[in-house]
Amino acid sequence: MSRKIISRILTATVSVAIFSSFAFPQQSPPARDFSKENARPSPDWVKDAVIYEIFPRQYSQKGDFNSITADLDRLKNLGVTVLWLMPIHPIGQEKKKGTIGSPYAVKDFYAVNPDYGTSADLKRLIAEAHKRQMKVIIDIVANHTAWDSVMMKTKGFYTTNARGEVIPPVPDWADVADLNYENPELRKYMIEMLKFWIREYDLDGFRCDVAGFVPTDFWETARAEVDKIKPDTIWLAEWHEPDLLVKAFNLDYSWSMHSALDQVLHGKKAASHIRETWEAERARFPRNSLHMRFSDNHDERRAIARFGENGALAAQALAFTLDGVPLIYNGMEAGDSTESGAPALFEKLP
């Protein structure tokens, strides 16, 4: 091909490119309007649920499964319908924080923390809860593991830096290693693990830690696979973005309402801010979305410490009367003021 022909082709190509950029400017795709979509349908027992979050280590003096089982009648009489057990797996010791380490630094997703009891003890807890028409879900930490996890033998399961070193999800979470969801083998491993807990323990669903750090399409695939084993389950996302509620999750954390409540009760905003927040949430999320309403949980200072007794009562009254699903956290019904965030995540503070 002659240089002249090549020159003409290049000139024509550049001209077309320039013309196209002016005549047909690139348009960003419109933002997805989730408010025009429907949320994943939930059965009535999910819509009517009262969730009780249990930190097994701190729930009793012994800190074991059997102590929870012994207390099921009291929880049933309290009106609880769903028990959420914070992570029940062995805790990693490498790079751990505090004396015991965080339950969110999981060493083996397939195992039970021996400090809490045996697999048989956990199965008995679940069976006894079912006898009382209560559901049981466990915490799943799908985003990361402990540094001494059994999964570390497969380095491709983890996110690495330019030097090939495994890294934490964020610098502050130095006690955990980030999982790599670009690896399809990791996705298979995690989905099989979720299916294992439903199939072998007859669990009723999962509370999924930092769900927004894990790709939404993973959650959607995982939910579809678990539904084949047990379709009538409850999945709670620790996150607050509308895409998670379309196919994967039944409900999420109403973080925006929690923040509004904190600002109002501390006099930083007028009470009308609660309604404004509710309306903004409704305008952004899919139709019929469910949100978990809470005034207390293991990531915060206790409500009674933040708001005082009257404020804590008012905050929980709102959690119970707003639309959505209310949460009770580990002793708050008795006004327990024992700290629940740091250092309790890493120590024994029953």
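Residues numbered from 1 in each chain as written. Predicted model: local features only at pLDDT ≥ 70, side-chain atom pairs only at ≥ 80, totals over all residues. Heavy atoms only, no water.

What is the right way to read the packing of aromatic side chains from this model?
Where two aromatic rings form a pair, the distance of their centres and the angle of their planes describe that pair. Within this structure, the stated rule accounts for 18 aromatic pairs. Centre to centre, the rings of Phe206 and Trp235 are 5.3 Å apart; their planes meet at 90°, and the pair counts as edge-to-face. A residue pair is termed long-range when its members are at least 10 positions apart, and Phe206 in strand β6 (residues 205-208) and Trp235 in strand β7 (residues 234-237) qualify at 29 residues. Residue classification places Phe206 among the buried positions, given a relative accessible area of 0%. Through successive ring pairs, a cluster of aromatic residues spans Tyr110, Phe157, Tyr189, Phe196, Trp197 and Tyr201. Stacked on the ring of Trp147, the Lys or Arg Lys95 has its end atom at 3.7 Å from the ring centre. The ring of Trp45 has Lys135 lying over it, and the distance from NZ or CZ to the ring centre is 4.6 Å. (Phe/Tyr/Trp six-rings, centres within 6.5 Å; stacked < 30°, edge-to-face > 60°. Helix = DSSP H or I, 4+ residues; strand = E, 2+ residues; numbered from the N terminus. Buried < 20%, exposed > 50% of the residue type's maximum accessible area, 1.4 Å probe, protein only. Lys NZ or Arg CZ within 6 Å of the ring centre and 35° of its normal.)

Just checking my understanding: could you explain the sheet that holds strand β8 (residues 251-253) for this structure?
Taken in spatial order, the 8 strands of this closed barrel run β1-β2-β3-β6-β7-β8-β9-β10, and their pairing is parallel. Ignoring which end each strand starts from, the neighbouring axes of this sheet average 25° apart. Pairing of strand β2 (residues 82-85) with strand β3 (residues 135-140), which is carried by 4 bridges, proceeds in the parallel orientation. In the sheet register, Trp84 faces β3, and the bridge partner there is Ile137. (Pairing = 2+ DSSP bridges. Axes fitted to C-alpha atoms, helices over the stretch in contact; angles between N-to-C directions.)

Would you take a moment to explain helix α11 (residues 303-321) for this structure?
Because each turn of an α-helix spans 3.6 residues, side chains separated by three or four positions end up pointing in the same direction. The end-to-end C-alpha distance of α11 is 17 Å, clearly below the 27 Å that 19 residues give at a rise of 1.5 Å each. Within α11, the axis deviates most sharply at Glu309, by approximately 105°. Buried residues along α11 sit against α9 (255-265), β9 (290-293) and β10 (325-329). (Expected span 1.5 Å × (residues − 1). Bend = angle between axes of the 7 residues up to and from the residue. Contact = heavy atoms within 4.5 Å.)

Honestly, the nonpolar core in this entry has me stumped. Any pointers?
What tends to happen in soluble globular proteins is that the nonpolar side chains get buried as a cluster. Residues Leu83, Trp84, Leu122, Met190, Trp197, Trp219 and Phe249 are the most contacted members of the largest nonpolar core, which totals 83 residues. A per-element tally of this core places helix α7 (residues 184-201) first, with 9 residues. Counting 9 residues, the second largest nonpolar core, distinct from the first, contains Met257, Val264, Phe307 and Leu322. (Core = buried A, V, L, I, M, F, W, Y, C linked by side-chain atoms within 4.5 Å.)

I'm lost on α7 in this one. Help?
Under the 1.5 Å per step criterion, the end-to-end length of α7 is 26 Å for 18 residues, consistent within 8% with the ideal 26 Å. Those residues of α7 that fall on the buried side of the exposure criterion are Leu186, Met190, Ile191, Met193, Leu194, Lys195, Phe196, Trp197, Ile198 and Tyr201. The backbone nitrogen of Glu185 lies 2.8 Å from a side-chain oxygen of the residue at the head of α7, namely Asn183. Of the residues trailing α7, Asp202 is marked for its positive phi of about 55°. (Polar contact = N/O pair within 3.5 Å; in protein donor to acceptor, adjacent residues only side chain to side chain.)

When you look at the packing of helix α6 (residues 119-131) against α7 in this model, what are you seeing that I'm missing?
The geometry of a pair of packed helices is captured by two quantities: the angle between their axes and the separation between those axes. With their axes 11 Å apart at the nearest point, α6 and α7 run at an angle of 70° to one another. By the angle class used here, α6 and α7 are roughly perpendicular. Along the contact surface, α6 presents Ser119, Leu122, Lys123 and Ile126, while α7 presents Trp197, Glu200 and Tyr201. Within the contact of α6 with α7, the residues separate by chemical class into 4 nonpolar, 1 polar and 2 charged. (Parallel < 35°, antiparallel > 145°, perpendicular 65-115°, else oblique. Nonpolar A, V, L, I, M, F, W, Y, C, P; charged D, E, K, R; others polar.)

Could you clarify how one ought to interpret the pairing of β2 in this entry?
Residues Val82 and Trp84 line one face of β2 and the alternating positions Leu83 and Leu85 line the opposite face, and both faces are buried. In terms of strand pairing, strand β1 (residues 51-54) meets β2 through 4 bridges, oriented parallel. Of the residues in β2, the one forming a bridge with Ile51 is Val82. Each parallel crossover has a hand, and for β2 linked through α6 to β3 it is right-handed. (Right-handed = clockwise from strand over helix to strand, strands pointing away.)

Looking at this model, I keep getting lost on the side chain of Glu238. Mind explaining?
Structurally, Glu238 can be placed in the loop between β7 and β8. On the accessibility criterion, Glu238 (8% relative accessible area) is buried. Within the local environment of Glu238, its side chain forms a polar contact with the backbone nitrogen of Val210, the two atoms lying 2.7 Å apart.

Looking at this structure, how should I read unusual backbone geometry?
Only a minority of non-glycine residues have a phi that is not negative, and only a minority of peptide bonds are not trans. Backbone geometry at Gln133 places phi at a positive 60°, although glycine is not the residue there. Looking at the secondary structure, you find Gln133 in the loop between α6 and β3.

Would you mind going over the packing of α7 against helix α8 (residues 216-227) with me for this structure?
It is the contact of α7 with α8, at a shortest axis distance of 10 Å, that shows an interaxial angle of 40°. Relative to α8, the element α7 is oriented oblique. Along this stretch, α7 crosses α8, giving a crossing that reads as right-handed. Residues Arg187, Met190, Ile191, Leu194, Lys195 and Ile198 of α7 pack against Asp217, Phe218, Thr221, Ala222, Glu225 and Val226 of α8. For the contact of α7 with α8, the residue count by class is 7 nonpolar, 1 polar and 4 charged. (Left-handed = near helix turned anticlockwise from the far one by under 90°.)

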